[in-house]
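# Architecture and fold: a report
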Amino acid sequence: MLPHVETPNSTNVAACCDKLLAERSTSLLSMKEAIDELRRRTGTERSDADLAGLITKKAALMGVAVLSNDH
């Protein structure tokens, strides 16, 4: 498995994730919506799994509920 490679927008993705979660902290947010919105705002090419991990970690720290796309 290759290590995660930081790109120029990596910090931007993390900061954007914080902002997105802060904006949506009082409403439910699906993982798919969050990933799609991060891609739209940042243009990142990170994998869905990588973005989901980032979102999950930051949401837990901020106490924000994110709905899984699993059924």
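Residues numbered from 1 in each chain as written. Predicted model: local features only at pLDDT ≥ 70, side-chain atom pairs only at ≥ 80, totals over all residues. Heavy atoms only, no water.

## Topic: the packing of helix 2 (residues 31-42) against helix 3 (residues 48-62)
- Viewed as axis vectors pointing N to C, helix 2 and helix 3 meet at an angle of 105°, and their least axial separation amounts to 10 Å. The orientation of helix 2 relative to helix 3 falls into the category roughly perpendicular. Only D48, L51, A52, I55 and T56 of helix 3 make contact with helix 2, whose side of the interface consists of M31, A34, I35, L38 and R39.
- Within the contact of helix 2 with helix 3, the residues separate by chemical class into 7 nonpolar, 1 polar and 2 charged. (Axes fitted to C-alpha atoms, helices over the stretch in contact; angles between N-to-C directions. Helix = DSSP H or I, 4+ residues; strand = E, 2+ residues; numbered from the N terminus. Parallel < 35°, antiparallel > 145°, perpendicular 65-115°, else oblique. Contact = heavy atoms within 4.5 Å. Nonpolar A, V, L, I, M, F, W, Y, C, P; charged D, E, K, R; others polar.)

## With respect to the pattern of salt bridges
- For the structure on display, the rule yields 8 salt bridges.
- We note a salt bridge from D36 to K32, for which the minimum N-O separation is 2.9 Å. One end of the pair is D36 and the other is K32, both in helix 2 and 4 residues apart, which spans about a single turn.
- Taking the shortest distance from any N to any O, the salt bridge between D48 and R39 comes out at 2.6 Å. (Salt bridge = Lys/Arg side-chain N within 4 Å of Asp/Glu carboxyl O.)

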